[in-house]
Structures are given as structure tokens and as C-alpha cells.
Amino acid sequence: MYEPASRLLTHPLAAKLVLIANNTPRLRKSEVEYYAMLSKCQVIHYGGTNVDLGLACGKYFRVSMLTIIDPGDSDIVRNQLEA
């Protein structure tokens, strides 16, 4: 959902990383990028569609954006900061 992801971006230090699907509407993309810039959160544009992003998350529904709050043991945030 769009609302919870954008709500997390308005809180400082809440979101670490945002993944946005390739077919997300431009207005919504630019709005999320603006909020991410204000909260100093990194944005990654996922190369696939929202269906592909949902399947990559293990869900059977569309996911237009994904907010990572706590990366846990994964290296996703650290790898993106190095790149």
C-alpha cells in the first residue's frame, strides 16, 4: 500500500531503504522520492513490474513499493550504500 510506505518516510530514521516498482505512476514515484530525500532514505528503482516485486517478496499480490525498516541480518542496505 502506498499510504503506510509514505507515512514511514515522514518519520525521521524510520525507513532505511525504499524499493519502487518500475510501473509505479510517475507522480507517486516523484512524491516518494521527495519524501525519501527529506528523510535521507535511499531509493532503489526495481527493474520489474509491481507483480514481479510482489513475487520477489513472496506475496501473491502486487507491490508497488516496499519500505525496509529493519534490515535484520541481510546485507541489502550495506550493499546499496557501498554501490
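Residues numbered from 1 in each chain as written. Predicted model: local features only at pLDDT ≥ 70, side-chain atom pairs only at ≥ 80, totals over all residues. Heavy atoms only, no water.

> So what exactly am I meant to see when it comes to the overall build of the protein here?
Helix and strand content of the protein: four helices and three strands. Helices and strands appear in the protein in the N-to-C order α-β-α-β-α-β-α. Every one of the 83 residues in the protein was classed for burial, and the buried ones make up 33%. Long-range pairs, those at least 24 residues apart, make up 68% of the contacts in the protein with a sequence separation of at least 6. Looking at the protein as shown, the accessible area adds up to about 5700 Å², and 55% of this sits on carbon and sulfur atoms. (Helix = DSSP H or I, 4+ residues; strand = E, 2+ residues; numbered from the N terminus. Buried < 20%, exposed > 50% of the residue type's maximum accessible area, 1.4 Å probe, protein only. Contact = heavy atoms within 4.5 Å. Areas by Shrake-Rupley, 256 points an atom, 1.4 Å probe, with all protein chains shown as cover.)

> What's the story with the packing of aromatic side chains in this structure? I'm lost.
Under the definition given, this model contains one aromatic pair. With a centroid separation of 6.0 Å and 50° between ring planes, the pair formed by Y34 and Y35 is classed as tilted. When its relative accessible area of 46% is taken as the criterion, Y34 is described as partly exposed. (Phe/Tyr/Trp six-rings, centres within 6.5 Å; stacked < 30°, edge-to-face > 60°.)

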